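Working through the structure, step by step
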Amino acid sequence: MATVLVGMADLKAARNPDIITTLGLGSCVGITLYDKARKIGGMAHCMLPTYKGFEGQKIDKFVDSAVIELIKQLERMGVPRNALVAKIAGGAHMFTAISQNNDLLKIGERNTAAGIAILRQLSIPLIANDTGGKHGRTIELDTASGALKIKTVGLGEKII
Amino acid sequence: MNDSLNNNLSKHLDVFKEIGNIGAGHAASALAGLLDRRITMSVPIASVVPFNEIVNVLDGPETLVAGVLIDVSGDLNGFILLLLSMKDAMAMVSQALCQPERDTEDSEFVLTDLEQDTLVEIANILVGSFLSAITTFSGLSAIPSVPQLAVDMLGAIISIATIQYGTIGESVLFLNTRFNDLAGDINGHFFLIPDYNSYKMLLEALGLEG
């Protein structure tokens, strides 16, 4: 079993028995896609909601373009798109007191919304999410089961 | 514009190092006044670091850190983030409060309300004097907000800086300053997070093209 590490603005796919993880999500979102029959999954760690307006930049950085790219990688590994289910974690609002109206600080919510929107557009069911709040998250996707473990500082662990 | 910003950041690294030097120099004097002891300061290291490497330059994305964020408005708009390891945060707070340092490695460790307020106040003084140095030599206004503290994973806290830079490139500008007193080193990491226009304005005010 290997642990596959997904960095910031990065995405990776892997198969059973690997664990795919990304560390310290704040307002970024972690989106996982998983095929239960083939036990193959993927994860993206995205910083910003939409690629539109940022053409030419790294696609892994944006929620919508990263999800599309991750699906392509999974398809190359033999996963049909209609076998995939998704989970989302992260999208926190780390500094809540400073300028409630500041768009940048509310980026977490916008990242989550962009994730929900692109999954709906691609008809991929979103089966679980753990988003919002004002705390960081480390997430681990177990490709054997599709379970997504979420670790926090001071708020314990859970599996979605 | 995106590539040019990254190129510009690298090209003007010495300028930002000097901004950091002047800013942190003021901050160190303010800290010395607050803690009532001699504080020396290293010349800041200014670097442009890709997103993926920034957490490794520090202690790894899951490390517990104290981050204080200050919103800046005026001619210059953006944020300043001061990041301290828990150990360094504890060292500063215990010196300011004249209390013994507690063990931050303890799994039960949390900052008390008083310690949190003290840390926010220290950050306020550090960032306030840092900003006043920048405004003095650039002639641009920059008004700090009340600071806010968050204690959480490094990756989560730093995302505020990476996301702002993320709209304009693939790297973040990073200033690392070491404060030193008789008891040892305290590492303070400053992240200047100007919006794109402020960044250009700052360079222009210094007589460089944006």
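For the structure given in this document, a descriptive report is provided here. In this numbering scheme, every chain counts its residues from 1 along its sequence in written order. Chain letters and ligand numbers both follow the written order, the letters beginning at A and the numbers at 1. This being a predicted model, a pLDDT of at least 70 is required before a residue's local features are given, and a value of 80 or more before pairs of side-chain atoms are given or counted; all residues contribute to the totals for chains, interfaces and linings. The side-chain quantities take in all heavy atoms of the structure and omit both hydrogens and water.

Our next topic: the sheet that holds strand β5 (residues 40–46) of chain A. Residue and element names in this part refer to chain A. Spatially, the five strands line up as an open sheet ordered β2-β5-β4-β6-β7, and their pairing is mixed. Each end of this open sheet is capped by a strand with a single partner; those strands are β2 (10–15) and β7 (126–131). Averaged over all neighbouring strand pairs, the angle between strand axes comes to 15°, with direction disregarded. Across the face of the sheet, helix α1 (residues 63–76) comes into contact with β2, β4 (29–35), β5 and β6 (84–90) while running at roughly 160° to β5. Where helix α2 (residues 107–121) meets the sheet, its contacts fall on β4, β5, β6 and β7, and the angle it forms with β6 comes to roughly 175°. Think of it this way: DSSP has to see at least two bridges between two strands before they count as a pair. A helix here means a DSSP run of H or I that spans at least four residues, while a strand means a run of E at least two residues long, and both kinds are numbered starting from the N terminus. Fitted lines through C-alpha atoms serve as axes, helices being fitted only where they are in contact, and the angles separating the N-to-C directions of these axes extend from 0 to 180 degrees. Only heavy atoms matter for contacts: two residues are in contact if any of them lie within 4.5 Å across the pair.

All right, on to the interface of chain A and chain B then. Across the boundary between the two partners, chain A contributes 34 residues, which contact 34 residues of chain B. For the pair chain A and chain B, the summed buried surface comes to about 2,500 Å²; carbon and sulfur atoms form 67% of the total. One speaks of a salt bridge when a side-chain nitrogen belonging to Lys or Arg is within 4 Å of a carboxyl oxygen belonging to Asp or Glu. Along the contact surface separating chain A from chain B lie zero salt bridges. N or O atoms closer than or at 3.5 Å make up a polar contact, with two conditions inside protein: a donor-capable atom paired with an acceptor-capable one, and, for residues adjacent in sequence, both atoms drawn from side chains. Linking chain A with chain B are four residue pairs in polar contact (both at pLDDT 80 or more). Of all the elements in the fold, those that place two or more residues in the side of chain A that touches chain B are β3 (19–25) and β8 (137–142) of chain A. If you tally residues by element for the side of chain A that touches chain B, the top one is β3 of chain A, at three residues. Residues were grouped as follows: Ala, Val, Leu, Ile, Met, Phe, Trp, Tyr, Cys and Pro as nonpolar; Asp, Glu, Lys and Arg as charged; and all remaining residues, including Gly, as polar. Across the side of chain A that touches chain B, the residue classes tally to 16 nonpolar, 12 polar and six charged. A simple way to read buried area is as the amount of 1.4 Å-probe accessible surface that goes missing from two parts once joined, with both sides added.

Residue and element names in this part refer to chain A. Two aromatic rings, drawn from Phe, Tyr or Trp (for Trp, its six-membered ring), form a pair once their centres lie within 6.5 Å of each other, and the interplanar angle then sorts them: stacked below 30 degrees, edge-to-face above 60, tilted otherwise. Applying the stated criterion to the full structure yields two aromatic pairs over all chains. Where tyrosine 51 meets phenylalanine 62, the ring centres are 5.6 Å apart and the plane angle is 65°; that geometry is what we call edge-to-face. Linking tyrosine 51 in the loop between β5 and α1 with phenylalanine 62 in the loop between β5 and α1, this pair joins segments that are 11 residues apart in sequence. Think of it in three bands: residues with accessible area under 20% of the maximum for their type are buried, residues over 50% are exposed, and the middle band is partly exposed, with areas taken using a 1.4 Å probe on protein chains only. Exposure remark for tyrosine 51: the relative accessible area of 22% places this residue in the partly exposed category. Ring geometry for phenylalanine 54 and phenylalanine 62: centres 5.1 Å apart, planes at 25°, overall stacked.

Glancing now at the pairing of β8 of chain A. Every other side chain in a regular strand lies on the same face of the sheet, so the side chains alternate between the two faces. All names here are of chain A. Across the six residues of β8, five count as buried, placing the element largely inside the fold. As defined by bridge partners, β3 adjoins β8 across five bridges and the pair is classed as antiparallel. Opposite isoleucine 20, over in β8, you have leucine 141 as the bridge partner. Where β8 meets strand β9 (residues 148–151), four bridges bridge the pair, whose relative direction is antiparallel.

On to α1 of chain A. All names here are of chain A. A helix is expected to reach a length of 1.5 Å times the quantity of its residues less one. The first and last C-alpha atoms of α1 sit 20 Å apart over 14 residues, in line with the 20 Å expected at 1.5 Å per residue. Every buried residue belonging to α1 is among Val63, Asp64, Ser65, Ala66, Val67, Glu69, Leu70, Ile71 and Leu74, and all of these are buried. In this fold, the buried residues of α1 make contact with β2, β4, β5, β6 and α2. Glycine 78 occupies a position one or two residues after α1 and carries a positive phi of about 95°.

Take unusual backbone geometry next. Across residues other than glycine, the phi torsion is negative in most instances, and most of the peptide bonds are trans. All names here are of chain A. The linkage connecting asparagine 16 with the following residue, proline 17, adopts the cis geometry, with an omega of 10°. Looking at the secondary structure, you find proline 17 in the loop between β2 and β3. For alanine 9, which is not glycine, the phi dihedral falls at a positive 55°. Along the polypeptide, alanine 9 turns up in the loop between β1 (3–5) and β2. Look at alanine 9 and you get buried, because its relative accessible area is 1%.

Glancing now at the side chain of arginine 137 of chain A. By the element assignment, arginine 137 of chain A lies in strand β8. There is a polar contact of 2.9 Å between the side chain of arginine 137 of chain A and the backbone oxygen of glycine 132 of chain A.

Bringing the nonpolar core into the picture now. In this structure, Leu81, Leu83, Leu126, Ile158, Phe179, Phe190 and Phe191 of chain B are the most contacted members of the largest nonpolar core, which totals 94 residues. Not counting residues within four places of it along the chain, the set of residues in contact with isoleucine 158 of chain B comprises Met8 of chain A together with Ile54, Val55, Leu58, Leu81, Leu83 and Phe191 of chain B. Buried residues of nine kinds, namely Ala, Val, Leu, Ile, Met, Phe, Trp, Tyr and Cys, make up a nonpolar core once their side-chain atoms join them within 4.5 Å.

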